[in-house]
Amino acid sequence: MLSKRIIPCLDVKAGTVVKGVNFRQHREVGGILDLARYYTEEGADELVFYDITASAEGRRVTTDWISKLAKVLDIPFCVAGGIRSVEDANEVLRAGADKISVNSPAIKDPDLINRLAKAFGRQCVVVGIDSHWSEEHGYESYRNTGIPELMSKQEKSTFDWLVEVQERGAGEIVLNCMGSDGTKDGYDCKQLAKARSLCGVPLIASGGAGCAEDFYEVFTKTQVDGALAASIFHNKTLRIGALKKYLASRNLPIRKESKWETKQLQTFKA
Amino acid sequence: MITIIPTVGSNLNSICSALDRLELTWQISEDPKEITNSEKVILPGVGHAETAMAKLKAKGLEETVRSLSQLTLGICLGMQLLFEESEESDEGAMPVRCLSIIPGRVKEIAFKPGMSLPHMGWNQVKPAGNSAHWQAEDVEDYYYFVHGYYCENGPWVKAVTDYVEAIPAIVEYKNFVGMQFHPEKSSTAGLELLRSYLS
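Residues numbered from 1 in each chain as written. Chains lettered and ligands numbered in written order. Predicted model: local features only at pLDDT ≥ 70, side-chain atom pairs only at ≥ 80, totals over all residues. Heavy atoms only, no water.

**Things to note about the packing of helix α7 (residues 189-197) of chain A against helix α8 (residues 212-222) of chain A**
All names here are of chain A.
Consideration 1: It is at 9 Å that the axes of α7 and α8 come closest, and there the two elements cross at 35°. Along this stretch, α7 crosses α8, giving a crossing that reads as right-handed. Contacts from Cys189, Leu192, Ala193 and Arg196 of α7 reach α8 at Glu217, Val218, Lys221 and Thr222. (Axes fitted to C-alpha atoms, helices over the stretch in contact; angles between N-to-C directions. Helix = DSSP H or I, 4+ residues; strand = E, 2+ residues; numbered from the N terminus. Left-handed = near helix turned anticlockwise from the far one by under 90°. Contact = heavy atoms within 4.5 Å.)

Structure follows, in structure tokens:
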């Protein structure tokens, strides 16, 4: 059975990993390669690296750290930030990323999704949607969320956009619920359940994870394929190993440690 | 020496790193002579079957791969190309002719409500036949899959995974081996499986 993916998200700013609260007040948490290694050993199923200021600053993600990552990592990883063209994506994929994720540039130029899917196959193309709920307008998607001064919403509603990006060739969608991001109050299950019903491609929940129960809740209430989190993993409030054990004990399909790793550990101890 | 054919795989870094970890010597080459003369061959594949076949043809490698007699490992799309034909062609067109080494077809996974496509993530692989390269209990593990098409069932299937229906995960046919998942992205389990075929 296909297992539910646990995905630590590493927000990258000026070569280090940072994490903000409600998309503001970024705090430094560590070096990219060190954290990538740490999470792989912890049992992360996949890693996502967001160059959070690239889009808003009008530059592309740099690729030197991506090739270094590709040499170290033996699990899949996705890179996002400032990918505006097929050429940009090609450089990131050639450097060794398994997937590229587009967000703000796809809002400005929706056909970018079609071009990327045609060039690399839809399995490489992830579309990130930053979504916020308001009393007046319902769920709306935003761009340039990395820099508060440049953040703006787009005309299409979150759910219209979610359907459109799939038609254009998105192979996976990360729905970041901004209202719950960084709050640790749990995932926005209401929004994610609605999104799931409109989604034929893998859907990843993002924003709001505060404890192991939040993951159990989002997987059972919304049938998302994976759940992404940052701060609770970075500050070690929740260790991925413990989280996966908990979810497996509650009968969710979770990738267990390979028997080869167990064997290696026994050899080390001997 | 293991030769990696780069023609239809865009991302070779992780395969090379895996071979380094296994302390195997490798080269990347599109030269028919170098490919034919190497001890083992890897054909990684990412993207679209029709485009991939066009690229192999353009490099004159179709016949080279077909006539290999040493162990040759196709990964993901590289595995699918070993088959007769694939439904992954340009929209509305006829199935695309592949390398026709394994006498089966490649079909699109049929969408059913509630499922996500492509089949993406870590799935459990179970043995479905005997292999000269591994013991049944060694191969049973989680591996990383990313694909929307799958190879036809047949006596060549050595291991399967379950995604609504049984999907061939490892095939062996004469000297040709195919893996639908990415062993180079499947952590220790993937590395150990590569060791069993390549070391």
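**Focus on the side chain of Gln70(B)**
Residues and elements named next belong to chain B.
Consideration 1: With respect to the helices and strands, Gln70 occurs in the loop between α4 (62-66) and β4 (72-76).
Consideration 2: One polar contact links the side chain of Gln70 to the main-chain carbonyl oxygen of Ile35, over a distance of 3.3 Å.
Consideration 3: One polar contact links the side chain of Gln70 to the main-chain carbonyl oxygen of Ser38, over a distance of 2.8 Å.
Consideration 4: If we skip the residues at most four places from it in the chain, Gln70 touches Ile35, Thr36, Ser38, Glu39, Lys40, Val41 and Asn175. (Polar contact = N/O pair within 3.5 Å; in protein donor to acceptor, adjacent residues only side chain to side chain.)

**Focus on the packing of aromatic side chains**
Consideration 1: Throughout the structure, instances matching the rule amount to 13 aromatic pairs over all chains.
Consideration 2: Between Trp122(B) and Tyr144(B), the aromatic rings sit 5.9 Å apart at their centres with planes inclined by 65°, giving edge-to-face as the arrangement. Placement of Trp122(B) in strand β8 (residues 119-127) and of Tyr144(B) in strand β9 (residues 141-147) is noted, with a sequence separation of 22 residues between them. Per residue, the accessibility class of Trp122(B) equals that of Tyr144(B), and both read buried.
Consideration 3: In this structure an aromatic cluster arises from ring pairing among Tyr38(A), Tyr39(A), Tyr187(A), Phe215(A) and Phe233(A).
Consideration 4: Looking at Lys194(A), its charged tip hangs above the ring of Phe159(A), at a distance of 5.5 Å from the centre.
Consideration 5: Here the basic side chain of Arg250(A) rests over the ring of Tyr216(A), its NZ or CZ set 3.7 Å away from the ring centre. (Phe/Tyr/Trp six-rings, centres within 6.5 Å; stacked < 30°, edge-to-face > 60°. Buried < 20%, exposed > 50% of the residue type's maximum accessible area, 1.4 Å probe, protein only. Lys NZ or Arg CZ within 6 Å of the ring centre and 35° of its normal.)

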